[in-house]
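Notes for the structure review
So the chains spell out like this:
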Amino acid sequence: MGSILGAAYASGAPLAHIIETCRKLRFRDIARWRVSRLGLASNQRLENLIERVFESRQFENLRIPLAVVATDLTSGEPVVFTQGNLVDAIRASCAFPGLFEPVEIGTRCLADGGLVAPVPTLAARELGASVVIGVSVGMQDGHRGAPTNIFQVVSRAVNAAQKHQLEIWERHADLVLRPDVQSLAWDDFHRAEEAIAAGASAALRALPRIEKLLGQQENAAQHLQARLEAEDKGYLWLAEAH
C-alpha cells in the first residue's frame, strides 16, 4: 500500500482527500477474486482507484519525484520505476505473492517490492533525497499463535525474511518510524482510522528529531551556498585582476 499512498501524495492529491479515501476503501475497490495458477486475486481494479484519486497518471507529471519498487520474479532483483505509467508500476509493487497474480511489464514478471526492499530507503536516496525517513509497519496478520490459513502462512514467511533485511535498508535511513500497528491485519480496511492515528502518533513523537534533521540539512545547504558565492567572487576578482 505504500506505493499507492506515496504516489497519491506525490501527484498533488489533497491530503484530506487521500485520508477520506482510505477511510472508505475496501478490498473490492482494489482487487477481485480470480483463482489462477499464479494467484488468488487480481489487483487490476487499482487502476480505477488511481483514476479517481490521483492528480497525475505518469511519473513525469508528478509534483514530487517518486520511485516505486517491485521485485523481478525471474532474477530476484529489485526493479525501480521512476518514469512511465504509474498504474502498472503500482500494481506490480502491490502484487503480494500467493495472493495477487504477478504483473507482467515488458518481459518481466513482477511482484511486491517489499520482498527485496521492505522499506525502499535506498531508492529514495538514489532519487536524490538528502534526508531519508523510513516508515516500517512490518507484515502483520493481526493474530497471535500459529497461523490458521494460507494468507497468514505466506505473510508470516515474508515477515520472517524481512526481519533479516533490517540492516540493509536501515543503513540508508536517517530516521526510522515504527507506528504501532501490530494488531492490524493487511485486510483490516475498516480499521483505517486506527492506522492513520498510529502513523500520526509516531510522527509526532519523532517531530523534534525530524525538525533537527531538516534544520541540519538547511544549515548545510546555506553553508554550501555561501561557499559557492564566495568562490564565485574569488574567480571574478581574479578575472578582473588579469
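A brief look at the structure comes next. These numbers were taken from a predicted model, which means no experiment stands behind them.

Residue placement: Ser-42 occurs in strand β2 (residues 41–42). Separated by twelve residues in sequence, Ser-42 and Ile-30 place their C-alpha atoms 8.6 Å apart. Ser-42 has contacts with Ile-30, Ala-31, Arg-32, Arg-34, Arg-91, Phe-100 and Glu-101, leaving out every residue within four places of it along the chain. A polar atom in the side chain of Ser-42 sits 3.3 Å from the backbone nitrogen of Gln-44.

Between side chains of opposite charge, pairing is possible as soon as their charged atoms come close. Applying the stated criterion across every chain yields a total of ten salt bridges. Where Arg-23 meets Glu-193, a salt bridge forms, and the shortest distance between an N and an O atom there is 2.6 Å. Within this pair, whereas Arg-23 is found in helix α2 (residues 15–24), its partner Glu-193 is found in helix α9 (residues 192–241), the two being separated by 170 residues in sequence. For Arg-34, the salt bridge is made with Glu-101, and the minimal N-O distance between the two is 2.5 Å.

By the burial criterion, the buried members of helix α1 (residues 2–10) are Ser-3, Ile-4, Ala-7, Ala-8 and Ala-10. Projection of α1 onto a plane perpendicular to its axis shows the buried side chains occupying an angular sector of 165°, all on one side. The elements touched by buried residues of α1 are α2, α4 (46–53), β3 (68–72) and α5 (86–93). Gly-12, located one to two residues past α1, shows a positive phi value of around 100°.

This brings us to the sheet that holds strand β5 (residues 103–105). The four strands are arranged β4-β3-β6-β5 in an open sheet whose pairing can be described as antiparallel. Looking at which strands have only one partner, the edges of the open sheet turn out to be β4 (78–81) and β5. Each neighbouring strand pair of the sheet contributes to a mean axis angle of 45°, computed without reference to strand direction. Examined bridge by bridge, β5 and strand β6 (residues 108–112) share three bridges and lie antiparallel to one another.

Rules and cut-offs
Residues numbered from 1 in each chain as written. Predicted model: local features only at pLDDT ≥ 70, side-chain atom pairs only at ≥ 80, totals over all residues. Heavy atoms only, no water. Helix = DSSP H or I, 4+ residues; strand = E, 2+ residues; numbered from the N terminus. Contact = heavy atoms within 4.5 Å. Polar contact = N/O pair within 3.5 Å; in protein donor to acceptor, adjacent residues only side chain to side chain. Salt bridge = Lys/Arg side-chain N within 4 Å of Asp/Glu carboxyl O. Buried < 20%, exposed > 50% of the residue type's maximum accessible area, 1.4 Å probe, protein only. Arc of directions from axis to C-beta. Pairing = 2+ DSSP bridges. Axes fitted to C-alpha atoms, helices over the stretch in contact; angles between N-to-C directions.

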